[in-house]
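An overview of the molecular structure
The residues making up each chain are set out below.
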Amino acid sequence: MKIQFIGHSCFYIEDKHFKGIIDPFITGNPQATLTSTHFNTLTHIFITHGHGDHLGDTLSLAKKTGALIITNYEIACFLNRQGFNTHAMHIGGRHPFDFGIVKMTPALHGSSIETENGFIYGGNPCGFIIELNGKKIYHAGDTGLTMDMKLLEIENIDVALLPIGGNFTMDIEDAARAVDFIKPKKVVPMHYDTFPVIKANTNDFKKRISSSKVIVLNPGESLNI
Ligand code: NI
Ligand code: MN
């Protein structure tokens, strides 16, 4: 299976019968090396919360591909009302899909959706554990460090995608503590360097971690597991 970093918190995951994208912020993403025209076939879109740098290109990608959108109940209702194909979940919920199993994990953050008519309530922000072909990928979404992450150790995560940019989420110091809690086999940092306020030094992050393998992906690069 291929895990491709698109930039910011956006990852594209591809397996035999699965083409999923998480937090598809592509248009307007200063880090992205690909454009949304690159994604003509998607089976699933995962949204961790309502902020623009995560909801991103969801509407146009879903319209183009007919992908099923997996997100929290509130965002699913918001998208459903616009005619999109959604599957609503909520924190702590686990559900078997045809491609694998998804669990929605808590995140400590906001989730409002900004529209022309003001803000819409976007429920609780979340993360996802996506179990595919016997491998578990954890995408933390935007979050601060939480004690809840200690519970993720028992999930035996293969790859953890963790924000490290600080200001809106964990910085490298807290993300290193999160790695200590979660104990994934591999860690890929995300949500850094996109904007000046979330600059982070990935070498400093690496130095703080000994138990897991840190894999820094440049936008466009992939990890095969
Ligand atoms: Ni956010
Ligand atoms: Mn964000």
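Quantities reported herein were computed from a predicted structural model and do not represent experimental measurements.

A closer look at the pattern of salt bridges
Counting across every chain of the model gives eight salt bridges. Among the ionic pairs, Lys185 bridges to Asp158, the shortest N-O distance being 3.1 Å. Placement of the pair is Lys185 in the loop between helix H4 (172-182) and strand S14 (186-190) and Asp158 in the loop between strand S12 (135-139) and strand S13 (159-163), with a sequence separation of 27 residues. By relative accessible area, which is 53% here, Lys185 ends up exposed. Classification of Asp158 as buried rests on a relative accessible area of 10%. Between Asp204 and Lys207 there is a salt bridge, with its nearest N and O atoms 3.8 Å apart. Taken as a pair, Asp204 and Lys207 lie in helix H5 (residues 202-207) at a separation of three residues, close to a single helical turn. For Asp204, a relative accessible area of 32% gives the class partly exposed. On the accessibility criterion, Lys207 (69% relative accessible area) is exposed.

Conventions adopted
- Residues numbered from 1 in each chain as written.
- Chains lettered and ligands numbered in written order.
- Predicted model: local features only at pLDDT ≥ 70, side-chain atom pairs only at ≥ 80, totals over all residues.
- Heavy atoms only, no water.
- Salt bridge = Lys/Arg side-chain N within 4 Å of Asp/Glu carboxyl O.
- Helix = DSSP H or I, 4+ residues; strand = E, 2+ residues; numbered from the N terminus.
- Buried < 20%, exposed > 50% of the residue type's maximum accessible area, 1.4 Å probe, protein only.

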